[in-house]
Every structure is written in structure tokens, then in C-alpha cells.
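# Structure at a glance
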Amino acid sequence: MREIVVLSGGVGGARFTRALRDALAGEDARIRVIVNTADDMWMAGLRICPDLDSVTYTLAGVNDEQRGWGRIGESERVSAELHEWGIGWPWFTLGDLDLGMHIARTSLLREGTPLSSVVARLTARWDLGARLLPMTDDAVETHVVTDGGTMHFQEWWTRHRASVPARGFELRGADDAVPAPGVVEAIAGADVVLVAPSNPIVSIGPIIAVGGIRDALTATPAPVVGVSPIIGGSVVRGMADACLTAVGTATDAAAVGLRYGARAAGGVIDGWLVDEVDADAVPGLEAAGIATRSVPLWMSEPAAAQTLARDALALAGSV
Ligand code: GDP
Ligand code: CA
């Protein structure tokens, strides 16, 4: 059985993981997805885990593909009621079905169930074709440093649409966090580790920052291959450029690959996929010790996304 591990944020990682699963249909392979939890927060007494839920809904086929987040066929009656009372954040609306997930999760957490067990229990409802592992059971929260002070990542991202210049990010709790059960073992026992085209700073960055995960990536005998979320100097969706700018990294496929760095030189990847429009970045990345191929990176429709997943596996097979 081929053991494949994916490091993932929310929507970009979810689409990539779904394509990987579908590309491997019928093969003897097992996919485990290590998901960022640093966007998680408490709101209206509920624990919200945006990236875990994006991956869950997308793999379950119940996500809202048009809107890009949340559940399909949503209503928002409960959020409207909460807003009337001034409970929660007025700029943050959650769908009713989505709230069902948050209530279920919070009730289990309040009984003392660790997040990784909660995820196992709640995802068992669907045949996801992949097992989801939160990066940690501990609380890690990304806070954004601005000239006016710090704010929770969600406030910066959702309320301000990343328009307030960020000076940096604080990963609160990361130093004391330990990987969730199974995370280090999955990486150590993998045949392939794939870094999804997720936000390198606030999605993949926190995963790697959890003590022990970077070491597991450095030590695994498996090839580690990443997919650029940047195509032709632009983000495909979202505002990852604002995150990259904040940490002084160019919004550029080569710069992101070099930021991850070659494992042979103390980094975390062996291979990197850039888009065809970024083919001129290949020699520089190769010179830095990162095996690089340029292939179509747009997950515009399922077939293209599955080809991308196969390209990532092929590169892993060649490094
Ligand atoms: P979030 O947690 O929901 O923000 O999602 P992720 O961190 O997993 O992914 C966000 C990143 O996915 C963004 O930086 C996008 O540029 C990238 N992305 C979205 N769609 C595509 C695509 O079709 N191809 C590639 N290569 N990247 C994509
Ligand atoms: Ca996220």
C-alpha cells in the first residue's frame, strides 16, 4: 500500500487533496492529510476550524464550490439571529449546516475529547477517501501584527480582507504545541509527502512550526514535493500575496519554493512544481537543490487538477 501524506490549508489544499484522491481511485494507496489549525478560533461559544472543515466538506462533496467555502444549500438564519443579539462577530457569518458541525465539535471538545479524536468521529460520517489529522491537538493561533496592534488572523483576513498592512505574524502557542497523534508517524512512514498549493505563510507555515513536524519532514525517507500556490506572480485565489509581502517574500513561485528550501540545504522540500508560465524559474530552483518541473498548475476543472496531482506524484518518484 502506498502511503501518501499531504500538508494542507483550507480551500487550495482541499481541492488538491480531492484531485489526488480521485487520481488514485482504484489504486492501493492511503491518503492522510495533515491540516492547519492555526486559523481556528472561538466565536459565539463555538470552536471553529476553518481549514479542517474546508477539507472535510470538499472531500465529502458537500462544499459550496461556487462561493468557495462552507456547505452547499446553506441557509443563514441562525447567524442572523446571533447578529441581532450582537453575539459573535458581525462580519463573520456562518451557515446553519456549518454551525451544526461547530456545535457537534464543541460539544465533544467540552467533554474532553482531543481535537484529533473529534475530527476522526465527525469525518466518519462521510466516505472521504482520506484520513484527516489536525496538525496538533493544542491551541495554536495566528495573530497578525499591524501598525495599530495585533489582531486574530480571521479578523485581518475576513473583516479587513488583508487590506491592513501586516508587519508579521505571531504563531501563538506554536512553541509549546506538540503534533497530534499520528502526525509524526504518518510523515515518518510515508512513501510520498506532498505540500499542497496552500498559503505558504499562514497555512503550511504553522504546520511546519509545530515542534517535531519540521524534524519529521527533514528526517523522513520519503520524497517531499510541493506545488506552488503562485502562478505568474499572482495568487490564484485569496490574498496570500499580502502574507508573503508581510514576511518579505516575493509573490513568486520561485521565491516560495526557495523559502521552503531544499531538504539537502536545511529546508523541507526535495521537489517543487511551478506553472508553465514560470518555466524560467526552473534553473535557479534546480541550482538551489530543488528538483523542479513546470506543468499546468491551475485546478480549473477536475481533470486538470487530477493531472496536477499525478505530476506531483511523478516528480516525487523521480527525486
Ligand atoms: P485557505 O486556508 O482556505 O486560504 O486555503 P489554502 O491555504 O489551502 O490555499 C490557498 C492558496 O491556494 C492560495 O494562495 C491560492 O493561490 C492557492 N490556489 C487556489 N486555487 C489554486 C489552483 O487552482 N492552483 C494552484 N496552484 N494554487 C491554487
Ligand atoms: Ca486557512
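In what follows, the accompanying structure is described. (Residues numbered from 1 in each chain as written. Chains lettered and ligands numbered in written order. Predicted model: local features only at pLDDT ≥ 70, side-chain atom pairs only at ≥ 80, totals over all residues. Heavy atoms only, no water.)

## Points about the sheet that holds strand β6 (residues 141-146)
The condition is simple: Between any two strands, at least two bridges found by DSSP are needed for them to pair. A run of H or I in DSSP counts as a helix once it spans at least four residues, and a run of E counts as a strand once it spans at least two, with each numbered from the N terminus. Between N-to-C directions, angles span 0 to 180 degrees; the directions come from axes that are lines fitted to C-alpha atoms, helices contributing only their stretch in contact. Whether two residues are in contact is decided by their heavy atoms: any pair within 4.5 Å suffices.
Strand order in the open sheet made by the three strands is β7-β6-β8, with antiparallel pairing throughout. Looking along the sheet, the strands with just one partner apiece sit at the ends: β7 (149-152) and β8 (166-172). Taken over all neighbouring pairs, the strand axes of this sheet differ in orientation by 30 degrees on average, direction set aside. Here helix α8 (residues 200-209) sits on the sheet and contacts β6 and β8; the angle it forms with β8, its principal contact strand, is near 40 degrees.

## A short note on the coordination of the calcium ion (ligand 2)
For a metal with four donors in a tetrahedral arrangement, the ideal angle between donors is 109.5 degrees, while six donors in an octahedron ideally sit at 90 or 180 degrees. Short version of the rule: Each metal's donors are the N, O and S atoms within 2.8 Å of it, or within 3.2 Å when it is Na, K or Ca, and because water is not part of the set, sites may look incomplete. Categorising residues by exposure relies on relative accessible area from a 1.4 Å probe, with only protein chains included: less than 20% of the type maximum marks a residue as buried, more than 50% marks it as exposed, and the intermediate range marks it as partly exposed.
Asp39 (OD), Asp51 (OD) and Asp51 (OD) make up the full set of protein donors to the calcium ion (ligand 2), lying at 2.0 to 2.7 Å. Of this pair, aspartate 39 sits in the loop between β2 (29-35) and β3 (41-43) while aspartate 51 sits in helix α2 (residues 50-60), placing them 12 residues apart in sequence. The class of aspartate 39 is buried, set by a relative accessible area of 6%.

## A few points about the pattern of salt bridges
Put simply, the rule reads: Any carboxyl oxygen of Asp or Glu within 4 Å of a side-chain nitrogen of Lys or Arg constitutes a salt bridge here.
A complete count under the given rule lists 15 salt bridges for this structure. The partner of glutamate 27 in a salt bridge is arginine 2, with the nearest N and O atoms 3.4 Å apart. Residue glutamate 27 is located in the loop between α1 (11-23) and β2, and its partner arginine 2 is located in strand β1 (residues 2-8); the two are separated by 25 residues in the primary sequence. Judged by relative accessible area, glutamate 27 falls into the partly exposed class, the value being 45%. The class for arginine 2 is partly exposed, based on a relative accessible area of 30%. A salt bridge links glutamate 286 to arginine 293; its shortest N-O distance comes to 3.5 Å. Among the residues examined, glutamate 286 registers a relative accessible area of 38% and is labelled partly exposed.

## Some remarks on the nonpolar core
Cut-off, in case you're wondering: We call a set of buried residues a nonpolar core when its members are Ala, Val, Leu, Ile, Met, Phe, Trp, Tyr or Cys and they connect through side-chain atoms within 4.5 Å of each other.
Residues Ile34, Trp156, Ile187 and Tyr260 are the most contacted members of the largest nonpolar core, which totals 55 residues. Beyond its immediate sequence surroundings of up to four residues, tyrosine 260 is in contact with Val195, Ser198, Pro200, Ile204, Ile208, Gly267, Val268, Ile269 and Trp272. Within the second largest apolar cluster, 45 residues are counted, among which are Val6, Val62, Met101 and Ala196.

## Things to note about the side chain of aspartate 40
Test applied: For the charge count, each Lys or Arg is scored as positive and each Asp or Glu as negative, with His and the chain ends excluded.
For aspartate 40, the location among the structural elements is in the loop between β2 and β3. No salt bridge is formed by the buried aspartate 40. Its closest oppositely charged neighbour is arginine 47, at 4.5 Å. In contact with aspartate 40, not counting residues within four places along its chain, are Arg47, Ile48, Cys49, Pro50, Leu115, Glu141 and His152.

## As for the packing of α1 against α2
Applicable threshold: Handedness of a crossing follows from how the near helix is turned relative to the far one, being left-handed for an anticlockwise turn of less than a right angle and right-handed for a clockwise one.
Where α1 contacts α2, the two axes come as close as 8 Å, and the packing angle between them is 35 degrees. For the pair α1 and α2, the sense of crossing is right-handed. Taking contact as the criterion, the partners of Val11, Ala14, Arg15, Thr17, Arg18 and Arg21 in α1 are, on α2, Ser54, Val55, Thr58 and Leu59.

## Things to note about the pairing of strand β14 (residues 291-294)
Applicable threshold: When the strands point away from the viewer and the connection leading from the first strand across the helix to the second strand turns clockwise, the crossover is called right-handed.
Bridge count between strand β13 (residues 271-274) and β14: four bridges; the pairing is parallel. Across the sheet, valine 274 pairs through a bridge with serine 294, a residue of β14. A crossover links β13 with its parallel partner β14, the connecting element being helix α12 (residues 282-287), and its sense is right-handed.

## With respect to the packing of aromatic side chains
The condition is simple: The aromatic pairing rule takes the rings of Phe, Tyr and Trp, using the six-membered ring of Trp, and pairs them if the centres are within 6.5 Å, calling planes under 30 degrees apart stacked, those over 60 edge-to-face and the rest tilted. Charge over a ring is defined by NZ of Lys or CZ of Arg lying within 6 Å of the ring centre and within 35 degrees of the ring normal.
Applying the stated criterion across every chain, the model contains eight aromatic pairs. Taken together through their ring pairs, the aromatic side chains of Phe153, Trp156, Trp157 and Phe169 make up a single cluster. A cation over a ring is seen here: arginine 67 above tryptophan 69, with NZ or CZ 3.8 Å from the ring centre.

## Quick notes on the site of ligand 1
What counts, and what does not: It suffices for a single heavy atom of a residue to lie within 4 Å of a molecule or strand for the residue to be listed as near it. Distance and chemistry together define a polar contact, namely a pair of N or O atoms within 3.5 Å, with one atom able to donate a hydrogen and the other to accept it when in protein, and with adjacent residues in sequence counting only for side-chain atoms on both sides. The Shrake-Rupley method, run with a 1.4 Å probe, gives the accessible areas here. Residue values count only the displayed protein chains as cover. Polar here means any residue outside two lists: the nonpolar Ala, Val, Leu, Ile, Met, Phe, Trp, Tyr, Cys and Pro, and the charged Asp, Glu, Lys and Arg; Gly therefore counts as polar.
As a structural note, the neighbourhood of ligand 1 is formed by 19 residues, with Ser198, Ser203, Arg237, Leu297 and Met299 the closest of them. At 2.7 Å, a backbone N or O of leucine 297 approaches a nitrogen atom of ligand 1. Methionine 299 is positioned such that a nitrogen or oxygen atom in its backbone is 2.8 Å from an oxygen atom of ligand 1. Across the complex, the protein chains shield 92% of the 590 Å² of accessible surface that ligand 1 would expose by itself. When its residues are assigned to classes, the shell around ligand 1 shows nine nonpolar, eight polar and two charged.

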